[in-house]
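These are the residues of each chain, in order.
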Amino acid sequence: MASIAQRPRGTQDLLPADQPYWAALEAAAKDVAERFGYQRIETPIFEATDLFVRGVGEATDIVSKEMFTFSDRGGRSLTLRPEGTAPIVRAYFDAGMQLQPQPVRLYYMGPYFRSERPQAGRFHEFHQFGIETIGDASPLLDVEAIVLGWNWFAGLEIAGATLHLNSIGDEVCRPAYRERLRDYYRPHLARLSEESRARFERNPLRLFDSKDPQDEALKRDAPRIVDHLCAPCAEAFRIVKEALAAEEIPFELNPNLVRGLDYYTRTVFEYQHESLGGAQNSLGGGGRYDGLAAALGYRSTPGVGFAMGMDRTAIVLKQSKPFTPAAPDVYAVALEAKDELYVFHLAATLRARRITVVFDPGPARLDAKLRKAARRGARLALLVGPEEREKNQVVIRDMQEKTQTSVAERDLLSTISQMLGGA
Ligand code: HAM
């Protein structure tokens, strides 16, 4: 029989077996971000649609085809957030953070929504860990962001991530470069895919994003923006490269890296990982966005940041090492129904002392109960049968060693603490 409801396409259940990986991702994110002096922020799951239209850019894939947009009862257009940077710049101004000492350093973790065709590592609901540094244009903050992201992978002991780096200039040098690129592509328009022809019109830099093998040769010989940066952009890029080298962070200069959001200026970067395979090889990415605040109607304010795909990073983490779910200290069992309440209460007294206890209700044979305790990974089993109950004793079994002792009820806590501590 078909069930009444199925999990929507492109979503996932993060099951207990997944949770240890997610706990590790979150703990490492909090740890590294706070070590750099970043403070946590969380913004709403939905925002006014216009925030993304103006922030991310009308012509981007995200805005033109991937947003989950709906109307509230008053007819206002809202959108499930496809990314975090525009909302955080909004929150920065809403909360008056521009009046605090600058830059303001923020980090965040949570769900995001894009209606892309689902495939391995690509979801409709996914999760990001991100940081944003707002209010200062120093290229060393670009480097700080890159190093922070790199340290996150290191903290998770993820090997094999590669850092791709590019500069895409700013409003001073990019317009001229864009025309140069159009001049280069114009004679070849007929050879381009339909999508690339649309990009030629709307945003020729996105021609570098084409995965069409036919466009490959053209891409290879195209003028590179790093060769056409204005002096301030070139100087900023020089500092970024020099500081990364000094920090011994290996990077690959990638002239094809343009990123899919319109707000970037100057430094852009991406962490890629081969084991993800194919088109979804980006574990995370970011860059500088000095024009975003003004595009949203605020006072012009520089910023830089990144977002990591936590779902993709969880996939890589699973491939690299196994994590086991947290196991209880004690599995508590009464062998007869009349003793259940007593064992239930013993479990409560142990929990009050910060010992984790799983209570197993209902009668069953001892060996069946012990099998359940082992499945659950418990270190100790607490067993009360009729004989023990009569003598005010309990049995404590070491599940690993398969040994057990009877102790007086009053010695229960000290014995258990000792057995747990000594292991
Ligand atoms: P983004 O490159 O669009 O950047 O997304 C960052 C990361 O989120 C990607 O590298 C990928 O790992 C993950 N991701 C994106 N879409 C999906 C999806 N459909 N399924 C699974 N994972 C996905 C941004 O979002 C910018 N806000 C980053 C930023 C912050 N730039 C400056 N500050």
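What counts, and where the lines are drawn
Residues numbered from 1 in each chain as written. Predicted model: local features only at pLDDT ≥ 70, side-chain atom pairs only at ≥ 80, totals over all residues. Heavy atoms only, no water. Buried < 20%, exposed > 50% of the residue type's maximum accessible area, 1.4 Å probe, protein only. Helix = DSSP H or I, 4+ residues; strand = E, 2+ residues; numbered from the N terminus. Pairing = 2+ DSSP bridges. Right-handed = clockwise from strand over helix to strand, strands pointing away. Phe/Tyr/Trp six-rings, centres within 6.5 Å; stacked < 30°, edge-to-face > 60°. Core = buried A, V, L, I, M, F, W, Y, C linked by side-chain atoms within 4.5 Å. Contact = heavy atoms within 4.5 Å.

*Asks:* A description of the pairing of strand S12 (residues 330-334) should follow, citing residues and the corresponding values.
*Replies:* Of all the five residues making up S12, five are buried; the element is thus mostly covered by neighbouring parts of the structure. Burial of the side chains of S12 extends over both faces: Val330, Ala332 and Ala334 are buried on one face and Tyr331 and Val333 on the other. Pairing analysis gives four bridges linking S12 to strand S13 (residues 357-360), with the strands arranged parallel. Directly across from Ala332, in S13, lies its bridge partner Phe359. As for the winding sense of the linkage, the β-α-β connection from S12 through helix H12 (residues 340-352) to S13 is right-handed.

*Asks:* Give me the packing of aromatic side chains: which residues, what numbers.
*Replies:* For any two aromatic rings, the description comes down to two numbers: the centre-to-centre distance and the angle of the planes. The final tally for this structure, using the stated rule, is 17 aromatic pairs. With 5.8 Å between their ring centres and 80 degrees between their planes, Phe269 and Tyr271 make a pair best called edge-to-face. Using a relative accessible area of 0% as the deciding quantity, one classes Tyr271 as buried. Ring geometry for Phe344 and Phe359: centres 5.1 Å apart, planes at 85 degrees, overall edge-to-face. Separated by 15 residues along the polypeptide, Phe344 in helix H12 and Phe359 in strand S13 bring together distant segments of the chain. Overall, the relative accessible area of 45% leaves Phe344 in the partly exposed class.

*Asks:* Run through the nonpolar core, naming residues and quoting values.
*Replies:* Phe129, Trp152 and Tyr271 are the most contacted members of the largest nonpolar core, which has 89 residues in total. Those residues within four positions of Tyr271 in sequence are excluded, and the remaining contacts are Ala145, Ile146, Gly149, Trp150, Phe153, Thr162, Leu163, Asn281, Ser282, Leu283, Gly284 and Met308. Membership of the second largest hydrophobic core comes to 19 residues, among which are Val330, Ala334, Val357 and Leu380.

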